[in-house]
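Single-letter residue listing:
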Amino acid sequence: MTHRKLQPGKLVIASHNAGKVREIRALLAPFGIEPISAGELGLPEPEETGTSFAENALLKAHASAQGSGLPALADDSGLCVAALGGAPGVYTADWAETQQFEGGPGRDWYMAMGKVEGKLAELGTDADRSAYFVCILAIAWPDGHTEIFEGRVQGSLTWPPRGLLGFGYDPVFVPEGRSETFAELDPAEKHAMSHRADAFRQLVATVFS
Ligand code: IMP
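Worth saying up front: this structure is predicted, and the values here are computed from it rather than measured.

Novice: For this particular structure, what's the right way to read the side chain of K190?
Specialist: When you line up the elements, K190 lands in helix α4 (residues 187-193). A polar side-chain atom of K190 sits 2.9 Å from a polar atom in the side chain of E23. The residues touching K190, leaving out its near neighbours within four places in the chain, are E23, F167, D170, F182 and R196.

So, in structure tokens, the structure goes:
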């Protein structure tokens, strides 16, 4: 299969998640790419109707590429907990949805982390707490061509949450080989070992080399 290179210039980040956009901007910084977020372009957020990370990433990348006429990079990611059969998985963001977040509908990550912890607690004190984050990065071009990459980071879940950095489930995730959670690590350290960085290394080797 012939891979397509990404030329210097504009690239849409097909995400409305500020944490992801910030991390992807940092990862793209060395490559002569001008990132613009889907939010800045006023592109609508497509519904994530896929049943896999890859399907959702492709859906978001295609929607932004079609809507902007530019290549677009989408990230679909989530937390998979071994003892919960891989849940929350593709529903990682959905577990945070609430009607009562700061006065209206929104995503409450502390509630979501509590839900995961509650389900682990139901399994007893010796439940397997291992988990991994997975990240699919998909690039779509306006002519329909796509490139797709998968990254993972293994770790375990801790309770209570610790740390104020990062986003999402970072305060309960301790990557393998460390004692700090992702939310306690300097962002540069997280970027060096995260699922997003793993997928990004593969993307760089394929589309930038
Ligand atoms: P989606 O890909 O927009 O469906 O959302 C995936 C969700 O997984 C995010 O909203 C986060 O809550 C969670 N997630 C993905 N990557 C990370 C990460 O690096 N740290 C913490 N949570 C993450």
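Novice: Sorry, what's going on with the pattern of salt bridges here?
Specialist: Opposite charge on two side chains lets them pair, provided their charged atoms get close. All chains considered together, the criterion is met by 15 salt bridges. Residue E48 is joined to K60 by a salt bridge in which the shortest nitrogen-to-oxygen separation is 3.2 Å. Of this pair, E48 sits in the loop between β2 (33-37) and α2 (53-68) while K60 sits in helix α2, and the two are 12 residues apart along the sequence. A residue is classified by how much of its surface remains accessible, and E48, at 38% relative accessible area, is partly exposed. For K60, a relative accessible area of 7% gives the class buried. Three or more residues are tied together by salt bridges with common partners; here these are K20, E23, D75, D170, K190 and R196.

Novice: Looking at this structure, how should I read the environment of M193?
Specialist: Relative to the elements of secondary structure, M193 occurs in helix α4. On the basis of relative accessibility, which here comes to 23%, the residue M193 falls in the partly exposed class. Distance in space between the C-alpha atoms of M193 and E176 is 9.8 Å, their sequence separation being 17 residues. Once residues lying within four places of it in the same chain are set aside, the contact partners of M193 are V153, P175, R178, F182 and L185.

Novice: Sorry if this is basic, but what is going on with the site of the ligand here?
Specialist: In the region of the ligand, 19 residues are neighbours, and K20, S77, D170, K190 and R196 sit closest. In the environment of the ligand, a nitrogen atom lies 2.8 Å from a nitrogen or oxygen atom belonging to the side chain of R196. The protein chains hide 98% of the 490 Å² of surface that the ligand would expose on its own. Secondary structure elements with two or more residues in the shell around the ligand: β3 (72-81) and α5 (195-208). Broken down by element, the shell around the ligand gets its largest block of residues, four residues, from β3. Here the shell around the ligand is composed, by residue class, of five nonpolar, six polar and eight charged.

Novice: Even after reading the chapter, I still don't get the environment of K20, so can you show me in this structure?
Specialist: In this fold, K20 is placed in helix α1 (residues 18-28). Placed 55 residues apart in sequence, K20 and D75 show a C-alpha to C-alpha distance of 7.8 Å. Once residues lying within four places of it in the same chain are set aside, the contact partners of K20 are S15, K60, D75, D76, S77, F167 and R196.

Novice: Explain the packing of aromatic side chains here, please?
Specialist: Aromatic ring pairs are described here by two measures, namely the spacing of the ring centres and the angle between the planes. Summed over the entire model, instances satisfying the criterion amount to six aromatic pairs. When the centroid spacing of 6.1 Å and the interplanar angle of 0° are considered together, the rings of F133 and F182 count as stacked. Highlighted residues: F133 in strand β6 (residues 130-140) and F182 in the loop between β8 (173-175) and α4, separated in sequence by 49 residues. Of the residues examined, F133 reaches a relative accessible area of 6% and is grouped as buried. What links up through ring pairs into an aromatic cluster is the set F31, F200 and F208. Across the ring face of W141, the terminal group of R4 is positioned such that the distance to the ring centre comes to 5.1 Å.

Novice: Which parts of the structure should I look at to understand the sheet that holds strand β7 (residues 146-157)?
Specialist: Hydrogen bonds between backbone groups are what pair the strands of a sheet, and the pairing can be parallel or antiparallel. Spatially, the six strands line up as an open sheet ordered β2-β1-β3-β6-β7-β8, and their pairing is mixed. With one partner strand each, in any of the chains shown, β2 and β8 form the two edges of the open sheet. For this sheet the average axis-to-axis angle between neighbouring strands, irrespective of direction, equals 35°. Both β7 and β8 contribute to a ladder of three bridges, which runs antiparallel. Residue pairing across strands places S156 opposite V174, the latter belonging to β8. Contacts between α1 and the sheet are confined to β1 (9-13), β2 and β3, with β3 contributing the most and set at about 120° to the helix.

Basis of the calculations
Residues numbered from 1 in each chain as written. Predicted model: local features only at pLDDT ≥ 70, side-chain atom pairs only at ≥ 80, totals over all residues. Heavy atoms only, no water. Helix = DSSP H or I, 4+ residues; strand = E, 2+ residues; numbered from the N terminus. Polar contact = N/O pair within 3.5 Å; in protein donor to acceptor, adjacent residues only side chain to side chain. Contact = heavy atoms within 4.5 Å. Salt bridge = Lys/Arg side-chain N within 4 Å of Asp/Glu carboxyl O. Buried < 20%, exposed > 50% of the residue type's maximum accessible area, 1.4 Å probe, protein only. Near = heavy atom within 4 Å. Areas by Shrake-Rupley, 256 points an atom, 1.4 Å probe, with all protein chains shown as cover. Nonpolar A, V, L, I, M, F, W, Y, C, P; charged D, E, K, R; others polar. Phe/Tyr/Trp six-rings, centres within 6.5 Å; stacked < 30°, edge-to-face > 60°. Lys NZ or Arg CZ within 6 Å of the ring centre and 35° of its normal. Pairing = 2+ DSSP bridges. Axes fitted to C-alpha atoms, helices over the stretch in contact; angles between N-to-C directions.

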